[in-house]
Structure formats: structure tokens, C-alpha cells
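Residues per chain, in single letters:
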Amino acid sequence: MTTSRELFEDDLDLPDPSAQQRYARLIGLDPIKARLAKEAELILQPHLLQEWSLRTHKTVLPAVDRLAHRPPLIIFAGDVGTGKTTLAETFADAVARRHRIDVRVKRLSLRARGTGAVGEMTRLIGTAFDIVLDEARTAGSTRPTILIIDEADALAQSREASQMHHEDRAGVNALIRGISQVATEVSGVLVIMCTNRIGALDPAIRRRAAAEFDFSRPNDTQRAAIITDLFEGVPLSSSDLRQLVELTGPGDGGYGHTYSDLVDRVLSATCLAAYPSDPITAELIAEQIRICPPTPPFTAQP
Ligand SMILES: Nc1ncnc2c1ncn2[C@@H]1O[C@H](COP(=O)(O)OP(=O)(O)OP(=O)(O)O)[C@@H](O)[C@H]1O
Ligand SMILES: [Mg+2]
């Protein structure tokens, strides 16, 4: 028998101070954050839409009913290291705080893909959705659930891909069935799929999404913001900052540093280079940027 522990990473229960901090540190995503908060709020707390309709129209408009029956699926698509996973894991912290509710984040493990044995992926995905549906029935709308399917292209590859294994096709069907069940049988569940390869996602899945958000590498202003944030306390003049922004921008390769290149690589390389006896300077940061080139965009074919 497959257990919850085998199919999911550890649950994240929100609100949580570390999620709040990770969310707050995401730069350049304000328009996505604002739209997502609204979408998520209405999917996770559908009664809010009814209350609004009653307040403003004195009746529950048919539009509200239609909206309530949209598949509760949102897709995060875009370049590597641009905050998709972090945002998916943390955005509901703000929703939880605003409405004084608990939200559970469940993360489907890549293990749910199985080993390729006939029928295995279908069974694993089916079981994963059964667990989410069961939990949602018990919790009701008092504790909504976010189900994250990260690297979704691994599970939801286009059924049109000619080389696709029969087993994968069955997995996509199981996924579509799961999402439809979530839409019709329970409320307060939102599925988020993240992918680097939106083109590889099955069109039947994309069509069902209530919204699709695009994530991209930081532009000049966003790189300036993240460099300032990362090196807070280090004296950087405006010409230093201009130089660092330039150095991390698109060079000959046509692509610049990703957020994670800066947060995970340049920052640690710089600290380690300065430690134990030197201070961090603009020159040292520039040197480390040259040593840590940007991650190439994801181009592998589905
Ligand atoms: N917009 C951002 N602002 C600040 N930090 C960011 C941003 N995007 C990513 N990071 C940082 O980069 C790291 C990787 O982010 P994350 O895993 O969320 O990216 P991703 O888009 O899911 O990448 P992948 O496509 O490789 O899965 C994290 O440490 C995160 O905090
Ligand atoms: Mg990710």
C-alpha cells in the first residue's frame, strides 16, 4: 500500500514565520503576487465571492457560480531560478494571515512518477489525489490546501509527444482526472503546477488552468534591487551598483544571471572569498560575478 509519506514531501503548515520571510524576500514579483493573492483567495475561500455578490448585487450572480466551478489550477511557468517553487510554497502565508486561517501546503514528490511499471504512475497519481481529496473533505473550508506539483512537465508531458511512453499518457489522464475531481468534489483546494517547459505541458492541462503566470530573469532594476538587498551593510556607491548590474546583465550569451545565481552562488562565493580576514567590497563582488557565470536557460526538448 502506498502511503502519504512516499508520495509527498513533508507538509508545510501556514502561517509560518520562515515562509513569511521567504515570501517577503522575493523581488520583482509584485504584479504576480497581487494577482495570485486574489485568485488564490477566491479559490481557497469561495464564500468570499458570494458575499461580495450579495453585498454589491443583492443576489449571487450566475457569474459567481461559474467562477466557483473553474478548475482550481494555476500554472507557474518560466526560466530557472526565478522564484516559482519559493512563491508556490509561501504565497498562501499572506492569505492565511489575512483571513486568520491555517493553510496546508502539500508537495507532490517526484517519486509519484514511479519506476515506469505498467499502471504504476496512474495508480500513484490517483492515490495522491485521493489523499488530498480525503484530507480536504475532513478539513472543509476551515483549512484550505495548496497542492504543489513541481517540475510538472515530468508528470504532465504533452500526450502529443510522439516518443511518449504509453505509461506517461495514462499518467496525464490520471492528473486531469484528479484536477477535475478537486474541482467538483471538494472546495478549498488549489493546485499549483510549476514548470520550466510550458510548451511540454499537455494542452488539455493548460486549457484547464484558471491562470498561467510567467516568470523571467531579473531586469536591470530588479538586479539592482536584489544586489542591494543581498549586500545590505556593504558600502556600494551608485557607480559600483551600476557596474554590478551591468556585469550580471545579458552578455554575449544573451542571458543574464538568474535570481538564484545571485542569491545562491554569487552571495556565498563573495562571503567565502572575503572570509576570514577581508571585508566585502564592490571589486570583490565583481570578481565573484565573473567567476560564477549565469545558468543557461532550460532548452532541452520534451
Ligand atoms: N524573484 C526572486 N527574488 C529573490 N530571490 C529569488 C527570486 N527567485 C528566486 N530566488 C531565490 O533563488 C533560489 C531558487 O528559487 P526557486 O527554487 O524558487 O526558483 P525556481 O523558479 O523554482 O527554479 P527552477 O526552475 O530551477 O525550479 C531561492 O533561494 C530563492 O530564494
Ligand atoms: Mg523550482
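The model shown is predicted, which means the values in this text are computed figures rather than measured ones.

Student: Would you mind going over the overall build of the protein with me for this structure?
Tutor: Counting secondary structure elements, the protein contains 14 helices and 6 strands. What you see for the protein is a C-alpha radius of gyration of 22 Å, in line with the 19 Å of a compact globule of 302 residues. Dimensions of the protein, computed from the C-alpha atoms along their principal axes, are close to 60 × 50 × 30 Å. Burial analysis of the protein (302 residues in total) assigns 47% to the buried set. Just so you have it, the protein exposes about 15100 Å², and 52% of that area is on carbon and sulfur atoms. Seen as two clouds, the 34 positive and the 40 negative side-chain charges of the protein have centres 6 Å apart.

Student: Help me out: how do you make sense of the sheet that holds strand S1 (residues 12-14) in this one?
Tutor: Two orientations exist for strands paired in a sheet by backbone hydrogen bonds: parallel and antiparallel. Judged by pairing direction, the sheet is mixed, and its 6 strands sit side by side in the order S1-S3-S4-S5-S2-S6 without closing on themselves. Of all strands in the sheet, those with a lone pairing partner are S1 and strand S6 (211-215), marking the two edges. This sheet shows a mean twist of 20 degrees between the axes of neighbouring strands, independent of strand direction. With 5 bridges connecting them, strand S4 (residues 145-149) and strand S5 (residues 189-195) associate as parallel partners.

Student: What is the right way to read the state of the cysteines from this model?
Tutor: Chemically, a disulfide is nothing more than a covalent bond linking the sulfur atoms of two cysteines. Enumeration according to the criterion identifies 0 disulfides in this entry. Here Cys271 is not disulfide-linked; the sulfur of Cys292 is the nearest cysteine sulfur, at 12 Å. Overall, the relative accessible area of 35% leaves Cys271 in the partly exposed class.

Student: Quick question: what am I supposed to make of the site of ligand 1 here?
Tutor: Neighbouring ligand 1 are 19 residues, the closest being Ile27, Lys84, Thr85, Thr86 and Asn196. Here a nitrogen atom of ligand 1 sits 2.8 Å away from a polar atom, N or O, in the main chain of Ile27. Separating an oxygen atom of ligand 1 from a side-chain N or O atom of Lys84 is a distance of 2.7 Å. When ligand 1 sits alone it has 630 Å² of accessible area, and the protein chains cover 80% of it. The element contributing the most residues to the shell around ligand 1 is helix H13 (residues 259-274), with 4 residues. Broken down by class, the residue content of the shell around ligand 1 amounts to 7 nonpolar, 7 polar and 5 charged. Residue contributions to the shell around ligand 1 reach at least three from each of two domains, namely domain 1 (4-215) and domain 2 (220-291).

Student: Would you mind going over unusual backbone geometry with me for this structure?
Tutor: With the exception of glycine, most residues fall at negative phi, and the peptide bonds are largely trans. Of note, the amide linkage connecting Leu14 to Pro15 takes the cis form, showing an omega dihedral of 5 degrees. Checked against the element boundaries, Pro15 lands in the loop between S1 and helix H2 (17-24). Residue Pro276 is bonded to the preceding Tyr275 through a cis peptide linkage, with omega at 10 degrees. On the secondary structure map, Pro276 appears in the loop between H13 and helix H14 (282-291). A positive phi angle, near 50 degrees, is found at Arg100, a position not held by glycine. On the secondary structure map, Arg100 appears in the loop between helix H7 (92-99) and strand S3 (103-107). You can call Arg100 exposed: its relative accessible area is 78%.

Student: For this particular structure, what's the right way to read the packing of helix H11 (residues 220-230) against H13?
Tutor: At a minimum axis separation of 11 Å, H11 and H13 run at an interaxial angle of 30 degrees. Judged by the inter-axis angle, H11 sits roughly parallel to H13. Once H11 is placed against H13, the crossing between them reads as right-handed. Across from Gln222, Arg223, Ile226 and Leu230 in H11, the residues of H13 making contact are Tyr259, Leu262, Val263 and Leu267.

Student: Honestly, the pattern of salt bridges in this entry has me stumped. Any pointers?
Tutor: Should their charged atoms come close, side chains of opposite charge can pair. Taken as a whole and assessed by the stated rule, the structure comprises 19 salt bridges. A salt bridge links Glu135 to Arg143; the nearest nitrogen and oxygen atoms lie 3.9 Å apart. A cluster of three or more residues bridged by salt bridges with shared partners is formed by Asp11, Asp13, Arg104, Lys106, Glu135 and Arg143.

Student: Can you help me understand the pairing of S4 in this one?
Tutor: Residues in a regular strand project their side chains so that they alternate between the two faces of the sheet. In terms of burial, S4 is a largely internal element, 5 of the 5 residues being buried. Alternating positions in S4 separate into two faces, Thr145, Leu147 and Ile149 on one and Ile146 and Ile148 on the other, with burial throughout. Across 4 bridges, the pairing between S3 and S4 is parallel. Residue pairing for S4: Val105 is matched across the bridge by Ile146.

What counts, and at which threshold
- Residues numbered from 1 in each chain as written.
- Chains lettered and ligands numbered in written order.
- Predicted model: local features only at pLDDT ≥ 70, side-chain atom pairs only at ≥ 80, totals over all residues.
- Heavy atoms only, no water.
- Helix = DSSP H or I, 4+ residues; strand = E, 2+ residues; numbered from the N terminus.
- Rg over C-alpha atoms; globule rule 2.2 N^0.38 Å.
- Buried < 20%, exposed > 50% of the residue type's maximum accessible area, 1.4 Å probe, protein only.
- Areas by Shrake-Rupley, 256 points an atom, 1.4 Å probe, with all protein chains shown as cover.
- Lys, Arg positive; Asp, Glu negative; His and termini not counted.
- Charge placed at Lys NZ, Arg CZ, Asp CG, Glu CD.
- Pairing = 2+ DSSP bridges.
- Axes fitted to C-alpha atoms, helices over the stretch in contact; angles between N-to-C directions.
- Disulfide = S-S within 2.5 Å.
- Near = heavy atom within 4 Å.
- Polar contact = N/O pair within 3.5 Å; in protein donor to acceptor, adjacent residues only side chain to side chain.
- Nonpolar A, V, L, I, M, F, W, Y, C, P; charged D, E, K, R; others polar.
- Domains from an automatic or database assignment.
- Parallel < 35°, antiparallel > 145°, perpendicular 65-115°, else oblique.
- Left-handed = near helix turned anticlockwise from the far one by under 90°.
- Contact = heavy atoms within 4.5 Å.
- Salt bridge = Lys/Arg side-chain N within 4 Å of Asp/Glu carboxyl O.

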